[in-house]
Amino acid sequence: MTINVVYKPTNVDYTVIHYQQNVDNDMYREVERETKQGLTNSQVPESAKSYEGFYSLIYERPNIAADGSTVIEVYYDRYYYLMTFDLDGGYGVEPIYARYGASVKVENPTKPGYTFNGWEPTVPTTVPAENTTYKAKWQAEKTAKVSVVIW
């Protein structure tokens, strides 16, 4: 007696876990966990997502196990961005090159004969997801400061 067994793939659950790099070190934290379905023994489809300020690292895409044990881990590193400052003749502030989301603290610049009047646009408290430039706004002082030296 011959018995023919016909295998038909079926949908099976698999898990995708997304990890994002911490802002202050090279460790990662889980940000999302998804349960998806795919055909038994087929390769896991592309699972990386798009997160602002992050890019996905290369990850394995194995075949989906019939027992539902397949787990895919996708890691995302933070982009670095440049914040530059147009001081318009002033001094005292350096450019910032840091990871997306890093804390930002900018001191007020100085310019002889002027009072600093803020930044245009306003400097955020964390590094934004793009390279940016901020221009110093100045208010001319009403009286000039003069030093006279007689020899």
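Residues numbered from 1 in each chain as written. Predicted model: local features only at pLDDT ≥ 70, side-chain atom pairs only at ≥ 80, totals over all residues. Heavy atoms only, no water.

### Quick look at the nonpolar core
Thought 1: Formed by 27 residues in total, the largest nonpolar core has its most connected members in Ile72, Met83, Phe85, Trp119, Val123 and Val127.
Thought 2: Listing elements by their share of this core, those giving two or more residues are β1 (11-21), β4 (71-78), β5 (80-86), β7 (114-120) and β8 (132-140).
Thought 3: The contacts of methionine 83, once residues within four sequence positions are left out, are Pro95, Ile96, Val104, Val123, Pro124, Val127, Pro128, Thr132 and Tyr134. (Core = buried A, V, L, I, M, F, W, Y, C linked by side-chain atoms within 4.5 Å. Buried < 20%, exposed > 50% of the residue type's maximum accessible area, 1.4 Å probe, protein only. Helix = DSSP H or I, 4+ residues; strand = E, 2+ residues; numbered from the N terminus. Contact = heavy atoms within 4.5 Å.)

### Topic: the sheet that holds β7
Thought 1: The 4 strands lie next to each other as β6-β5-β8-β7, forming an open sheet whose pairing is mixed. Each having just a single partner strand, β6 (96-99) and β7 make up the two edges of the open sheet. Strand-to-strand, the axes of this sheet are offset by a mean angle of 25°, without reference to chain direction.
Thought 2: Direction of pairing for β7 relative to β8: antiparallel, over a ladder of 5 bridges. (Pairing = 2+ DSSP bridges. Axes fitted to C-alpha atoms, helices over the stretch in contact; angles between N-to-C directions.)

### Here's the deal with the packing of aromatic side chains
Thought 1: Counted according to the given criterion, the structure contains 11 aromatic pairs.
Thought 2: Between tyrosine 79 and tyrosine 81, the aromatic rings sit 6.1 Å apart at their centres with planes inclined by 55°, giving tilted as the arrangement.
Thought 3: Judged by its relative accessible area of 36%, tyrosine 79 is partly exposed.
Thought 4: Among the aromatic residues, those joined into a ring-pair cluster are Phe85, Phe116, Trp119, Tyr134 and Trp138.
Thought 5: Lysine 111 extends its terminal NZ or CZ atom over the ring of tyrosine 114, reaching a point 4.3 Å from the ring centre. (Phe/Tyr/Trp six-rings, centres within 6.5 Å; stacked < 30°, edge-to-face > 60°. Lys NZ or Arg CZ within 6 Å of the ring centre and 35° of its normal.)

### Quick look at the environment of histidine 18
Thought 1: Mapped onto the fold, histidine 18 is located in strand β1.
Thought 2: Its relative accessible area of 0% is what places histidine 18 among the buried residues.
Thought 3: Sequence-wise, histidine 18 and glutamate 107 are 89 residues apart; in three dimensions their C-alpha atoms are separated by 36 Å.
Thought 4: Once you skip the residues sitting within four places of it in the chain, histidine 18 turns out to touch Arg29, Glu30, Val31, Glu32, Glu34, Ser47, Lys49, Tyr51, Val74 and Tyr76.
Thought 5: Looking at histidine 18, its side chain comes within polar contact range of the side chain of glutamate 34, at 2.8 Å. (Polar contact = N/O pair within 3.5 Å; in protein donor to acceptor, adjacent residues only side chain to side chain.)

### A short note on the pairing of β4
Thought 1: The sheet contact formed by β1 and β4 spans 6 bridges and is parallel. Looking across to β4, one finds that isoleucine 17 is bridged to glutamate 73.
Thought 2: With 3 bridges connecting them, strand β3 (residues 54-56) and β4 associate as antiparallel partners. Across the sheet, residue tyrosine 55 finds its bridge partner in β4, namely aspartate 77.

### Details of the pairing of β1
Thought 1: β1 sits mainly inside the fold: 9 of its 11 residues count as buried.
Thought 2: Here 11 bridges tie β1 to strand β2 (residues 28-39), and the two strands are oriented antiparallel to one another. By the bridge assignment, valine 16 is partnered in β2 with glutamate 34.
Thought 3: Between β1 and β2, which follow one another and run antiparallel, lie 6 residues.

### Describing the environment of proline 121
Thought 1: Among the secondary structure elements, proline 121 is positioned in the loop between β7 and β8.
Thought 2: It is 5.9 Å that separates the C-alpha atoms of proline 121 and tyrosine 134, two residues lying 13 residues apart in sequence.

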